[in-house]
Amino acid sequence: MTTAMTDALPRDLSLRRAFSVYPTGVVALAAHVDDRAVGMAVNSFTSISLEPALVAISAARTSKTWPVLREVPELGMSVLAAHHEPLSRSLSAREGDRFGGHEWQRTDGGAVLISDAALWLTCRLHSTFDGGDHEIALYEIGDITLFDDVEPLVFHQSRYRSIAGSERA
């Protein structure tokens, strides 16, 4: 079903708007490379398999950060917390200090994990696939650290949101 609003938009803007209807979390992909933390934010993160434990992300082919992160032996994935909106914006910027002074930890394998996140995963690249203007990457999960009391950052309709509502059993 189309609406007059989407009919009037160019196809790429219509698709971008359509895809934004699905709320997503925001994940920081990060690693320690050449004595510095390198990272980027993605909202194209999904669970794939329990056995083996796999997650998928997709990264734009135009990204200058993705080719660096794709080559690291161990990558940190941090599901950002609701208070990480400024960090998400920094990690999405093309230039400047991506970590904005925010605290992070480095694993022995070189993965960078963001302090106060909702979830930490350390991962190794499993495989990549063509995804049009993006590259789809499957990662095998090594370590998992879950922070149950941390509310995740949500991205919906091109805006940051919080999860509202009461808990249900």
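Bear in mind that the values here come from a model prediction, so they are computed numbers and not experimental data.

### Quick notes on the pairing of strand β3 (residues 36-42)
Line of reasoning, step 1. By the criterion of burial, β3 is predominantly enclosed, with six of the seven residues buried.
Line of reasoning, step 2. One ladder, built from seven bridges, connects strand β2 (residues 27-33) with β3; its direction is antiparallel. Looking at β3, one finds that His-32 is bridged to Ala-37.

### Comments concerning the sheet that holds strand β1 (residues 24-25)
Line of reasoning, step 1. Sheet architecture is open: three strands sit in the order β1-β11-β12, paired in antiparallel fashion. Looking at strand neighbours, the two that pair on one side only are β1 and β12 (159-161), the edges of this open sheet.

### What to know about the side chain of Glu-74
Line of reasoning, step 1. By secondary structure assignment, the location of Glu-74 is in the loop between α3 (66-70) and β6 (75-79).
Line of reasoning, step 2. Engagement of the side chain of Glu-74 in a polar contact is seen with the side chain of Thr-107, the distance being 2.5 Å.
Line of reasoning, step 3. If sequence neighbours within four positions are ignored, Glu-74 has contacts with Ala-31, Thr-107, Gly-109, Gly-110, Ala-111, Thr-122, Cys-123 and Arg-124.

### Considerations on the pairing of strand β9 (residues 119-131)
Side chains on a regular strand alternate between the two faces of the sheet.
Line of reasoning, step 1. For β6 and β9, the ladder comprises five bridges, and the chain directions are antiparallel. Bridged to Gly-76 within β9 is Thr-122.
Line of reasoning, step 2. The sheet contact formed by β9 and strand β10 (residues 134-146) spans eleven bridges and is antiparallel. From the neighbouring strand, Phe-129 faces β10, where its bridge partner is Ile-136.
Line of reasoning, step 3. Counted along the chain from β9 to the antiparallel partner β10, the turn is two residues long, and its residue Gly-132 has a positive phi close to 70 degrees.

Conventions adopted
- Residues numbered from 1 in each chain as written.
- Predicted model: local features only at pLDDT ≥ 70, side-chain atom pairs only at ≥ 80, totals over all residues.
- Heavy atoms only, no water.
- Buried < 20%, exposed > 50% of the residue type's maximum accessible area, 1.4 Å probe, protein only.
- Helix = DSSP H or I, 4+ residues; strand = E, 2+ residues; numbered from the N terminus.
- Pairing = 2+ DSSP bridges.
- Polar contact = N/O pair within 3.5 Å; in protein donor to acceptor, adjacent residues only side chain to side chain.
- Contact = heavy atoms within 4.5 Å.

These figures capture arrangement, not role.
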